Amino acid sequence: MAELLFRLRHVTDEEAMEVRDLLAAHGFDTYETQAGFFRLGVDAIWLRNPHQHDAAIAALEAYQAERLERAQREHQAAVERGDAETLWRRLAAHPVQVVLVLLAVGLIAALTLLPFLGMSRS
């Protein structure tokens, strides 16, 4: 029976392609499923041969560790160059969007706390 290897939901196309290439390079027998129009299924990469599961998981874990290290290096380099995105840079680049998000957060917090504030008046 097939075993789930890697969920593709919320994964960038670049990462999905790297995972596909990694699994193909190691010779794992895989196939992909799509969630479908109503999202009732699961976007994932599945392993057909359960005897390859441990080796496939080990290869994916090594890939994930390398990808994490690469992302951290890239972020650190951006911080050192002064290119890393911060709240202030985002505010300067998209002031209306940031203000609307902050207003939405405030509104949600107010609506959430309103019943409790009303109880203290009684």
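Residues numbered from 1 in each chain as written. Predicted model: local features only at pLDDT ≥ 70, side-chain atom pairs only at ≥ 80, totals over all residues. Heavy atoms only, no water.

The name given to the protein chain in an unreviewed UniProt entry is DUF2007 domain-containing protein, with Vreelandella sedimenti as the source organism.

1. Points about unusual backbone geometry
Residues other than glycine seldom take positive phi values, yet His10 does so here, at roughly 65 degrees. Even without a glycine there, the phi angle at Arg39 is positive, about 60 degrees. Residue position: Arg39 is located in the loop between β2 (30–33) and β3 (44–47). (Helix = DSSP H or I, 4+ residues; strand = E, 2+ residues; numbered from the N terminus.)

2. Points about the nonpolar core
Counting 15 residues, the largest nonpolar core has Leu5, Phe6, Val19, Leu23, Phe28, Ile45 and Leu60 as its most contacted members. Elements with a minimum of two residues in this core: β1 (3–7), α1 (13–25), β3 and α2 (53–81). Those residues in contact with Leu5 that sit more than four places away from it in its chain are Leu23, Thr30, Ile45, Trp46, Leu47, His53, Ala56, Ile57 and Leu60. (Core = buried A, V, L, I, M, F, W, Y, C linked by side-chain atoms within 4.5 Å. Buried < 20%, exposed > 50% of the residue type's maximum accessible area, 1.4 Å probe, protein only. Contact = heavy atoms within 4.5 Å.)

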